[in-house]
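As a plain string of letters, each chain reads:
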Amino acid sequence: MKTQVWAHRGASAYAPENTLEAFKLAAGQGADGVELDVQLTKDGEMVVAHDEEIDRVSDGSGFVKDYTLAELKILNFNKTHPEYQDVKIPTLREVYEALKPTGMTINVELKTGIFWYKDLEKKVLELTKEMEMEDRVIYSSFNHMSLVRIKELAPDAFCGALQGRNLGNAGYYCRQFGFQAYHPGVKDLTEETVKSCRDNGIQVNVWTVNDMGDLEKMEQWGCDGVITNYPSVCKSWADRRRQNV
């Protein structure tokens, strides 16, 4: 089995997270896909950012939702990697345009756990359809009602239920809601939960796998994908492993 390697917020160990620089680097490092986070600006534009507040990653402060896109574009989003200069927050459209030629999978996390952005699900689906990338995008969220909304609007959309703590009956749970995947954190995941997903035909994509011991365990358990800050390291390990089998 080939476990897919997805870059967590892009190649975030090497470049500013959730930026075009990080996503392009992940593509260059051979990642099978990327994971990113999407929120809405004050003027309803879809931007890629993890935290609801921009303080940690930029030279600005406050909530994403309180800025217009133009105001956000003035700021420098290089705070996690200051060796990069003049880094701009990307729109989801800009990321799609950059990654469409690569053929990579894109895991779009809807950041509706704290603020339920109005029509975010509809906007993301419309852009994905416009870009003809429906077969490349996975939708995930900790707010599973966002995924229910996605399925209402697009029944064939591929959805993965994000979970912080291990959900023992994850396979049954996801199948009941029509979700095709379970996205657990690596620290609490058990082999029994992976088996539950397998028994119910549910894929398992695990975050954030930055330790090679964890990576080996995830592959042994038969997980479909790992989401990592170090895509080059994980991809190299996985490729060597398969060559020796």
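Residues numbered from 1 in each chain as written. Predicted model: local features only at pLDDT ≥ 70, side-chain atom pairs only at ≥ 80, totals over all residues. Heavy atoms only, no water.

Novice: I'd like to hear about unusual backbone geometry, residue by residue, with values.
Specialist: At R9, a residue that is not glycine, the phi angle is positive and equals roughly 60 degrees. Position of R9 among the secondary structure elements: in the loop between β1 (4-8) and α1 (20-28). Even without being glycine, N18 reaches a positive phi, approximately 55 degrees. Judged by relative accessible area, which is 2%, N18 ranks as buried. (Helix = DSSP H or I, 4+ residues; strand = E, 2+ residues; numbered from the N terminus. Buried < 20%, exposed > 50% of the residue type's maximum accessible area, 1.4 Å probe, protein only.)

Novice: Could you give me a rundown of the environment of F23, with the residues and numbers involved?
Specialist: Within the secondary structure, F23 sits in helix α1. Residue contacts for F23: discarding those within four places in its chain leaves R9, G10, N18, V34, E35, L36, V48, V95 and L99. (Contact = heavy atoms within 4.5 Å.)

Novice: A description of α1 should follow, citing residues and the corresponding values.
Specialist: Listed in full, the buried residues belonging to α1 are A22, F23 and A26. The buried residues of α1 occupy an angular sector of 100 degrees when the element is viewed end-on, so they sit on one face. In this structure, α1 carries K24 and G28 as exposed residues pointing more than 90 degrees from its buried face. Packing partners of the buried residues in α1 comprise β1, β2 (33-40), β3 (46-48) and α3 (92-99). Where α1 terminates, the next one or two residues include G30, which has phi positive at roughly 85 degrees. (Arc of directions from axis to C-beta.)

Don't take any of this as a statement about function, it's just geometry.
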